[in-house]
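Descriptive structure summary
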Amino acid sequence: MKKAKRLAATFFFSHKHAQSGAKIIPTIAYQLALTFPRIRHDITRAVEGDRMLLSSDKSHSDQIQELVVNPLHALKFRQDTPYAIIIDALDECFSAEEAARLVALLTEMLSGPELPIIHLMFTSRPEVHIRSAMQAGIHEISLTTRDDDTIQDVRFFLRSSLDNLRTSRPAVFGQTPKPWPSEDDFETLAFKAGGLFVYATMAMNFISAAGHHPQQRLALLLHEKSTVGADIDQLYRQMIETSQNPLIHCQMLASIIHLRRTFRLVELQKLFYDDQEILAVTLEIFSPVILNPPDGNGGVEIYHASLRDFISDPLRSKHYHVDYTHTEEYLAICCLHLLLREAPYSLSTNYAHVAWSLHLSRAYPSSKLRHLLAFETDLLILKVDQEHIGHCDRLAYS
């Protein structure tokens, strides 16, 4: 499509950068300006006339009209061969309701008779709200993970990864590594993965985790006979079962997942100051499915959205389920404690300043939270006032 010069714009959503949803329309407008150089001036003039157009405070409807529809009208042609705008992983960033609204807006506003013919292509997990937002005449393509090519690619990945693990751990497998795993074990693992690369990747992370014997980890993974659809959940449960205190570590996992943005490790340690040991053990237990850059520069984030779905759904996580209201309660308390420990205007408290009330609004109203809130709010107001007075004094004497 790109070689044929019919790709007008693309946008990729990622749960790693949830805030990127606000950039979708400006990003599409920028790419349209590259595809259709004649509309660059129209887009620039629109931004100069309303600086808020690029702000997240502006509605998607206004952004689409001013940055996309009006400039495309200026082309004054309707070609026979259509262009395409691809929006990938729609479900990863927005809530289902927000995603549905965006789909409805784009399909409605870009279907005008005087606009270039533009095909909108969305990829998403089959969320009910998103599918219901698709207007009549929209063609749906269901992607399968059971076709032969995909299954063979996953098998090749597993075989190569297991061979590399076997030859790179001589202390476990010997200087002249013996064949491993057996063909029966390999076929069982490959069947569990089916055509799911995410399962194959997480399974290899689980098997090869440092400090554990790969043969024992593989045996643990293969022990339960379950369907492909349930195997990812089973993998998550097996990780949890390696914990000596699974409920506490599931609570910490849920807290990381419910944060409104991605945190670096040092930021998590400040937020969960009183529970740093629990944080460290949680990151170790879930290391196969949590990205935690060893240099500490990148964000700590879940590997795949299925982990968020698992921990949020009591039917899937069963007795390891953590009710989100208790997670929000814990996060609200952590934010308040951070505000009291750190200077109110420091960089490390930016998140706590913005998010504590958001967490509080969804929190379980326990007596502990109510008493803590009443006690700490007075202290916090006093501390902020003192800092503000000191800040003003410094300005007066500068």
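Here we come to the overall build of the protein chain. A tally of helices and strands in the protein chain yields 19 helices and six strands. Buried positions account for 41% of the 398 residues belonging to the protein chain. At a minimum sequence separation of 6, the contacts of the protein chain that also span at least 24 residues come to 72%. Of the roughly 21800 Å² of accessible surface on the protein chain, 55% is carried by carbon and sulfur atoms.

Let's shift gears to the sheet that holds strand 4 (residues 263–264). Taken in spatial order, the three strands make up an open sheet running 4-6-5, and their pairing is antiparallel. Either end of the sheet is taken by a strand with one partner, and the two such strands are strand 4 and strand 5 (290–291). Note that strand 4 and strand 6 (residues 299–302) share two bridges and pair antiparallel. In the strand pairing of strand 6, Arg 264 is matched with Gly 299.

Residues Trp 180 and Pro 181 are joined by a peptide bond in cis, for which omega reads -5°. Within the element layout of this structure, Pro 181 appears in the loop between helix 7 (170–173) and helix 8 (183–193). In this structure, Ala 89 takes a positive phi of about 60° despite not being glycine. By secondary structure assignment, the location of Ala 89 is in the loop between strand 2 (83–88) and helix 4 (96–109). Backbone geometry places Lys 318, a non-glycine residue, at a positive phi of 55°. Topologically, Lys 318 is positioned in the loop between helix 16 (314–317) and helix 17 (324–341). On the accessibility criterion, Lys 318 (47% relative accessible area) is partly exposed.

Let us now look at the packing of helix 9 (residues 197–207) against helix 10 (residues 214–223). Packing of helix 9 against helix 10 brings their axes to within 8 Å, and their N-to-C directions diverge by 135°. When the interaxial angle is binned, helix 9 and helix 10 end up oblique. Residues Tyr 199, Ala 203, Phe 206 and Ile 207 of helix 9 form the contact with helix 10, whose own contacting residues are Pro 214, Arg 217, Leu 218, Leu 220 and Leu 221. Of the residues that constitute the contact of helix 9 with helix 10, the class distribution is eight nonpolar, no polar and one charged.

As a further point, take the side chain of Glu 328. Within the fold, Glu 328 resides in helix 17. A distance of 3.3 Å separates polar atoms of two side chains, one belonging to Glu 328 and the other to Arg 260. Not counting the four nearest positions on each side in its chain, Glu 328 is found in contact with His 258, Arg 260, His 359, Arg 362 and Ala 363.

Turning to helix 17, a few remarks are in order. The terminal C-alpha atoms of helix 17 lie 26 Å apart, and with 18 residues this matches the ideal 26 Å at 1.5 Å per residue to within 8%. For helix 17, the buried fraction is high: 13 of the 18 residues fall into the buried class.

As for its placement among the helices and strands, Gly 194 is situated in the loop between helix 8 and helix 9. Gly 194 sits in the buried class, given a relative accessible area of 3%.

Moving on to helix 8. Residues three or four positions apart in an α-helix share a direction because the helix packs 3.6 residues into each turn. For helix 8, every residue scored as buried is listed here: Phe 186, Leu 189, Ala 190, Lys 192 and Ala 193. End-on view of helix 8: buried residues confined to an arc of 160°, all on one side of the axis. What points out from helix 8, more than 90 degrees from its buried face, is the exposed set Asp 184 and Phe 191. Where helix 8 ends, the next residue or the one after it, Gly 194, has phi of about 60°, a positive value.

With that settled, consider the packing of aromatic side chains. Summed over all chains, the structure comprises seven aromatic pairs. Their ring planes at 70° and their centres at 4.9 Å tell us that Phe 36 and Tyr 83 sit as a pair that is edge-to-face. In this pair, Phe 36 is assigned in the loop between helix 1 (24–35) and helix 2 (40–49) and Tyr 83 in strand 2, connecting sequence segments 47 residues apart. When sorted by exposure, Phe 36 lands in the same class as Tyr 83, which is buried. With centroids separated by 5.2 Å and ring planes inclined at 50°, the aromatic side chains of Tyr 236 and Phe 310 adopt a geometry described as tilted. In this pair, Tyr 236 is assigned in helix 11 (residues 228–240) and Phe 310 in helix 15 (residues 305–312), connecting sequence segments 74 residues apart. By relative accessible area, Phe 310 is classed as buried at 1%.

Cut-offs and rules
Sequence order as written defines residue numbering, which begins from 1 separately in each chain. Only residues with pLDDT of at least 70 get local features here, since the model is predicted, and only at 80 or more are side-chain atom pairs given and counted; chain-wide, interface and lining totals rely on the full set of residues. The side-chain figures draw on all heavy atoms in the structure; neither hydrogens nor water molecules are used. Put simply, DSSP marks the helices as runs of H or I at least four residues long and the strands as runs of E at least two long, and each gets a number from the N terminus on. Exposure is judged per residue with a 1.4 Å probe applied to protein chains only, and the accessible area is read against the type maximum: over 50% gives exposed, under 20% gives buried, and values in between give partly exposed. In what follows, a contact means two residues having at least one pair of non-hydrogen atoms within 4.5 Å. All accessible areas in this document rest on Shrake-Rupley with a 1.4 Å probe, and a residue is counted as covered only by the protein chains that are shown. DSSP-based pairing: two strands are paired if at least 2 bridges between them are found. Axes, fitted as lines to C-alpha atoms, cover a helix only where it is in contact. Angles between the N-to-C directions of the axes lie from 0 to 180 degrees. The cut-offs work like this: below 35 degrees is roughly parallel, past 145 is roughly antiparallel, 65 to 115 is roughly perpendicular, and the gaps in between are oblique. Under the convention adopted here, Pro, Cys and the residues Ala, Val, Leu, Ile, Met, Phe, Trp and Tyr are nonpolar, Asp, Glu, Lys and Arg are charged, and Gly plus all remaining residues are polar. Side-chain atoms alone can form a polar contact between residues adjacent in sequence; in general such a contact is a pair of N or O atoms within 3.5 Å, and within protein one must be able to donate a hydrogen while the other accepts it. Here a helix's expected span is defined as the number of its residues, less one, multiplied by 1.5 Å. What the arc covers is the set of directions going from the helix axis to the C-beta atoms. By convention, a stacked pair of Phe, Tyr or Trp rings (six-membered ring in the case of Trp) has centres within 6.5 Å and planes under 30 degrees apart, an edge-to-face pair has planes over 60 apart, and any other such pair is tilted.

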